[in-house]
Structure formats: C-alpha cells, structure tokens
Number of protein chains: 2
Amino acid sequence: VNVSDIGEFGLIERLAKAADAERPESLIVGIGDDAAAWRAGDAVVLATTDTLVEGVHFLPGRTPWADLGWKALAVNVSDIAAMGGEPQYALVTLALPPQTPVQAVDQLYEGLLECAREYGVTVAGGDVVRAPQIAITVALLGRADFGAEGSPRLMRRDAARAGYAVAVTGTLGGSAAGLRRLKEGAPPDDPLARAHLRPRPPLALARKAAGAGVPCAIDVSDGLLQDLGHVCEASGLGAAVRAAAVPLSDELRDAYPDDALALACAGGEDYELLLVAALETLEALGTAVTVIGEMMESAERRVRLLDASGEEVRLPAAGWDHLKA
Amino acid sequence: VNVSDIGEFGLIERLAKAADAERPESLIVGIGDDAAAWRAGDAVVLATTDTLVEGVHFLPGRTPWADLGWKALAVNVSDIAAMGGEPQYALVTLALPPQTPVQAVDQLYEGLLECAREYGVTVAGGDVVRAPQIAITVALLGRADFGAEGSPRLMRRDAARAGYAVAVTGTLGGSAAGLRRLKEGAPPDDPLARAHLRPRPPLALARKAAGAGVPCAIDVSDGLLQDLGHVCEASGLGAAVRAAAVPLSDELRDAYPDDALALACAGGEDYELLLVAALETLEALGTAVTVIGEMMESAERRVRLLDASGEEVRLPAAGWDHLKA
C-alpha cells in the first residue's frame, strides 16, 4: 500500500491516532483543525504550517518570486484566521537548489515580508536547506483571545450544530480559474491570476466573526465542498449548499461561464473562510459574508450541492488531495 | 550570483536584515540564534524549525525510517535545549513521493513519537505534501523560564564574554564517523552509526545549565569549530580551543585514529552542546561537561585550535554549509 492509495487525509489521520495517545492537558486543539492551540501561561498559542513545493503547488518558471513569497505566508495566515486568531510570528524554511539566483531569493523574501507587514507578522527565524527543487515551508504562530467566560475564543471545525447556517467570505473559484489562465499563458497581472498568486485571507473579518461568537470555521483551501466536508466529518453532521447562492466574481463568470460553479465548488486555494453559526450571527457580520447553506442531522456526514428545485448537482471534480493522483 | 556562492549563512543574514526592520517589542530573540523567543502573556515562547532532505541530510535507502523520524525531531529538540528551554509542541511536515509505502511512513511516525515521548513533546499538527523526494520539516515550540530578576532565562549566542570558559557535553565526532561507516556499508546498529542516526540532545543537562546561570550556548550541528565561530561572531570575540581537550569516544579513536580530531572538530551533527560561561559555573555542572577552551578579545572573531605547544592546528575541512558545494 502506497501513500497515494490512502491519500493526504488518510496519512494525517494515522499520525493523529498515533499522536493522540499522549495528549497533555494544556493542548486545546490537536491534529485535524486549521491550526493547533495550546495554553502557555495566561495565553493561548496557535500554530500552523504549510508548504509550497515547485511543480506541485506552483508552476516552475511561471510564478513570480515575490508572489511565491507572499503566498507561502498568506496560506498560513489563512489557517490562523480560520481559527479566529491573530498571526504573530513566522519561521520560514527555504529548500533551494544551489544554482538558484540570489536575486530570486531576495524577491521571494520581499513578497513574503510584504505579506508579513500586511498581516502584522514578524519573521522570527527559519532554515535554509539544499534540495533538488524549490520548496517553502512556513510555520506560523499566533494567539487567540479568551471569551468573557474564560475559555479560548476559537472557531473550530467540530463546533457546527444542526440548523446552523453556512456562509462564505468573498467570492470563490477565482484562484482555480487563475491557475487555468496562467496555464493558458496569461500574464501574472491578469485579475484571475492575481487571485491565484496573491490570495488575501480575510483576517480582519475572521477576527470580527470570532469576536461575534461564530463557533465554527474552516478556510477554503481544498475546495468549498471538500472543506465543508471536513466540517461535516468533525461535527458529525451533513450540509446542504444552494448552488445558486455560491458567490462568483464577474471575472470568473466571464472567463469560464460553463465551469464557474465547478471551479467555485471544487477548485480550492481561494483562502476565503467558511463560517458556520446561527443565521442571525452570520447576518450581523454584514454584506461581507454570503449565506450559502445549512448544517443538518445526517447519517452520511457529507455535503449535498442543490439546484433551484432541490435536486443534487453532480460536479466533475471532487476536490484536492495532495497525495492522490 | 547563485545561492551556492553566498551560502546558507549569507542567505540567512539577508533575510535577517530585511526582517529586522520591523521588530516588535515582544520579540526577545529573532533570526540568528538556535531558536526564536518572544513573550506571550506571562510566558516566553521558543520556536525553531529544521528540515531533513533525502540525499542531502540522509542517505536514501540506507536510513531506517524510524531513525529518520527520531532524528527529524531530535535535531529540533537540540535547538530548544541550546536556548535552555523546554520543548513542548511539534508541527510535522512530510513531503513524500506518492509511491512511498504507507508502512514506511508508519515507521517514521513511530520513531518520531518515540523521540517525542523521550523529550516530553506533543505532536500537535502538521502537513503532508507531495514532492519528488522525501523531506521532513519539524517546527518545534517550547517555553523558557524566567529568572529571579524577571528576565527570561535563555542561553544566547551573543552572551559570551572575554575570559569565559568554553565547555562541551558528551563526546564529539561520533556522528560524522557514523555517517562514514554507513557509507562504508556498516549496518544501522553499528555504535558509531547509532550516534549519527539517533542523536540524543542532552536536554536535562541543558536545563540544568540554564538554571545554573550559563548565559551562552549553541548546539554542535555544523561542527565544533564552525558553531563556536557563530558564538564568536555574535559575541564579538575570539576563542581558543585546546585540541587535546576535545572529548573523543573510544569507538571513534579505534575506528578512525588519524581523523578522529578532524571529525570531532568539523564533522557536525553531534547535537551535543557548547556551553560558554565563567569557569566555576561550568565546573559546577560536574563531569558531564568538558572544558575545552576559552573566549578572548580578538579583532579576528574566529576560533583557533591549538596543540600542546600553543601552535595553531590546521584541519582539512572547515565545517558544513548546506548550500555551498
């Protein structure tokens, strides 16, 4: 049996099971959410890590270095945002072939530090190693607030309840469409390409949502349906999403009218947020979030995408698994 | 100019310069020490990260998976120990080719969790990504104590003073000798090979040293002379090491009598600790540490290795840089 047979999520589950045997009391959230959380003195520390590998997560030679640096940090900011936390410190590991131009690394740092300034992150350390291809790993640390009742105010995947509404920030599908456009030869300043190369996690809105008491969130990294599926599994519920409610940008509709919905539901890498809470809690967040469905009791623990007549819509692609073919 | 021209340390310095422009008050130690440190509420958080890449840091096909998992965590424990801190939580990123056997990953986790138990570390999260070759990145978080005067009790590279003695824990050169033996075809249970495959950072001794007021330490990862050279640069001093005082194991002397000193001084990956403090402070730590030299005012800020007559000994290899050829 190879890792491609059990996939990314199967592997993570195996590690989670092995590691869970010795869970200390100070650990609040372990493996299986957007970020881990633990108590340190009177603070809650959040920690997450994400890697971009050349040829797997970005196109060699067609991704501007500064954009790569930005994205390597931004995808981690997205994880901290999805927990309702505040990102603070980053450790940056660069794996580089020895023949990489120094100028390229300078540009990469520049984009990464631009993102760090944007989100209030300090680069506090890291590592540089030799490797046959480029990879950037960022470990991002942050903090979470305590609520009035003294418990940490975290948005968790396992905190959805039947009857809660499901909302999403921004528009979806732009990143996958941008990747397609880049592959078709579009320049990096194409508006859809920007969505792919420079994701902008809605951190301020995430902090507002956590402060308003939204108990459950996940970032849209693997694709709307798959990420909401993670919430279903963690919370032991099913979900229904109204296809017509999924927010699409005009650029996406214009560029790929036939595939817009599929790109929005299964494309991934939007780094927007799925928020799950009582409808009035989500509505109080204003027009920045769009309600697209709801959670319900269900033996299946999966997401159904519904058309206007309530029939289930079948999409060609199911989502993104980093190890499966 | 390629990264191989300026090397690992040149690259890290470039990032440090760019990142240092916006250093918040809560940051205690940034880029350039064994681990970063910052205040979080009433706690001091320590953070470090290290990567092992197939073919660069370990021999493909000749490194048992469990040993690889152990070492991936142990090298990070070594960094936290070198700061005088207590390791607590790890994020583990596995980069894997899709055809990797699941059994191999299980064994890797097993070795990693064995090391985690040994050092009281909880694996709290991580990431799994596809890549053309295997790489393991661990980000390790920990904590440090406060001293009586309310400042964090950290052992830093920049805290050496002229007249301080230099000591080292354990024996040196075993890891480099073990790597040579593995390349010569020795089995993984060869005693020197064990030193290479299963380094055991002296965490308890490091905690004791920090508690006893040792102000300055670094782990021996790149090689004794190079690592002590980092202390010289950071502290603005020179150092002298008595070659005859460098502790060598009997296995090392027996296996490579002619190269034992060179392996101990420049081999690297021993994951022992260099401790720099007043002589009586080091002597109070007992027989577990060996005094090998001292720090001094010097315009050169480098390490001199001296023979019995005080003449400088020249070694063939100068140390280890991950990017230089």
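The residue numbers shown here count from 1 along each chain, following its written sequence. Chains and ligands are labelled sequentially in the order written, the chains with letters from A and the ligands with numbers from 1. At least 70 in pLDDT is required for a residue's local features to be given in this predicted model, at least 80 for side-chain atom pairs to be given and counted, and no such filter applies to totals for whole chains, interfaces and linings, which use all residues. The side-chain figures draw on all heavy atoms in the structure; neither hydrogens nor water molecules are used.

Q: Please give an account of the relation of the copies chain A and chain B that cites residues and values.
A: Expressed as a screw operation, the relation of chain A to chain B combines 0.0 Å of axial shift with a rotation of 180°, fitting to an RMSD of 0.0 Å. Put plainly, the chains are arranged around a two-fold axis. What makes two residues a contact is simply this: any of their non-hydrogen atoms within 4.5 Å. A high fraction, 99%, of the interface residues of chain A reappear at the interface in chain B, so the copies pair face to face through one surface. Copies overlap after least-squares fitting; the atoms used are the C-alpha atoms of residues with pLDDT of at least 70 in both.

Q: Residues and numbers for the packing of aromatic side chains, please.
A: The geometry of an aromatic ring pair is captured by the separation of the ring centres together with the interplanar angle, meaning the angle of the planes. In this analysis, rings of Phe, Tyr and Trp, with Trp reduced to its six-membered ring, are considered paired at centre separations within 6.5 Å, and the interplanar angle assigns stacked below 30 degrees, edge-to-face beyond 60, and tilted for intermediate values. In the structure shown here, the tally under the stated rule is three aromatic pairs over all chains. Taking 4.1 Å as the distance between ring centres and 15° as the angle between the ring planes, the aromatic pair formed by Tyr89 of chain A and Trp38 of chain B counts as stacked. Of this pair, Tyr89 of chain A sits in strand E4 (residues 86-96) while Trp38 of chain B sits in strand E2 (residues 36-40), on two different chains. We note that Tyr89 of chain A, like Trp38 of chain B, is buried. Ring-over charges, as used throughout, are those where CZ of Arg or NZ of Lys falls within 6 Å of the ring centre and within 35 degrees of the ring normal. Here the guanidinium or amino end of Arg180 of chain A rests over the ring plane of Tyr256 of chain A, the centre of that ring lying 4.6 Å away. Going along the chain from the N terminus, every DSSP run of H or I of four or more residues is numbered as a helix, and every run of E of two or more is numbered as a strand. For the exposure calls, accessible area comes from a 1.4 Å probe over protein chains only, and a residue counts as buried if that area is under 20% of its type's maximum, exposed if over 50%, partly exposed in between.

Q: Lay out the side chain of Ser78 of chain B in plain terms, naming residues and giving numbers.
A: Residues and elements named next belong to chain B. On the secondary structure map, Ser78 appears in helix H2 (residues 65-82). Whenever a nitrogen or oxygen atom comes within 3.5 Å of another N or O atom, the pair is scored as a polar contact, on the condition that within protein one atom can donate a hydrogen and the other can accept it, and that pairs from neighbouring residues in sequence are kept only if both atoms are in side chains. At a separation of 2.7 Å, a polar atom in the side chain of Ser78 contacts the side chain of Asp219. Setting aside its immediate chain neighbours within four residues, Ser78 contacts Pro201, Asp219, Tyr271 and Leu273.

Q: Just give me the short version of helix H7 (residues 224-235) of chain B, but keep the residues and values in it.
A: All names here are of chain B. In a regular helix each residue adds 1.5 Å, so 12 residues correspond to 16 Å; H7 covers 16 Å between its end C-alpha atoms and thus fits that length. For H7, the tally of buried residues reaches 10 of 12 residues, placing the bulk of the element in the interior. Inspection of H7 places Leu224, Leu225, Gln226, Asp227, Leu228, Gly229, His230, Val231, Cys232 and Ser235 among the buried residues, and these make up the whole buried set. Positioned one or two residues after H7, Gly236 has a phi angle of 70°, which is positive. Given a helix with a known number of residues, its expected span is that number minus one, times 1.5 Å.

Q: Quick one: what's the story with the environment of Thr63 of chain A, residue by residue and with numbers?
A: Residue and element names in this part refer to chain A. The topology assignment puts Thr63 in the loop between strand E3 (43-53) and helix H2 (65-82). It is 33 Å that separates the C-alpha atoms of Thr63 and Ala244, two residues lying 181 residues apart in sequence. Setting aside anything within four residues of it in sequence, one finds Thr63 in contact with Phe58, Leu68 and Leu197. Polar contacts involving the side chain of Thr63 include one to the main-chain carbonyl oxygen of Leu59, which spans 3.0 Å.

Q: Explain the pattern of salt bridges to me, and be specific about the residues and the numbers.
A: Throughout this description, the term salt bridge denotes a Lys or Arg side-chain nitrogen within 4 Å of a carboxyl oxygen of Asp or Glu. Under the defined criterion, the tally for this structure stands at 34 salt bridges over all chains. Two residues, Lys71 of chain A and Glu269 of chain A, come together in a salt bridge whose shortest N-O distance is 3.0 Å. One end of the pair, Lys71 of chain A, is in helix H2; the other, Glu269 of chain A, is in the loop between helix H9 (260-266) and strand E10 (273-277), with 198 residues separating them in the sequence. Across the pair, exposure class does not vary: Lys71 of chain A and Glu269 of chain A are buried alike. For Arg156 of chain B, the salt bridge identified is with Asp158 of chain B, shortest N-O distance 3.3 Å. With a relative accessible area of 23%, Arg156 of chain B lands in the partly exposed category. Taking relative accessible area as the criterion, Asp158 of chain B reaches 38% and is therefore assigned partly exposed. Taken together, the salt bridges that share partners define one network made up of Asp67, Glu114, Arg194 and Arg198 of chain A.

Q: Describe the interface of chain A and chain B, listing the residues and the values that go with them.
A: Tallying the contact residues gives 67 residues for chain A and 66 residues for chain B. When the shortest N-O distance is used, the salt bridge between Asp106 of chain B and Arg14 of chain A registers 2.7 Å. Seen at the junction of chain A and chain B, the total is 16 residue pairs in polar contact (both at pLDDT 80 or more). Counting only elements with at least two residues in the side of chain A that touches chain B, the list comes to helix H1 (3-20), strand E1 (27-29), strand E2 (36-40), E3, E4, helix H3 (102-119), strand E5 (122-130) and strand E6 (135-144) of chain A. For the side of chain A that touches chain B, the leading source of residues is H1 of chain A, giving 10 residues. Partitioned by chemical class, the residues of the side of chain A that touches chain B number 40 nonpolar, 18 polar and nine charged. Three residue categories are used. Nonpolar comprises Ala, Val, Leu, Ile, Met, Phe, Trp, Tyr, Cys and Pro, charged comprises Asp, Glu, Lys and Arg, and polar comprises the others, including Gly.

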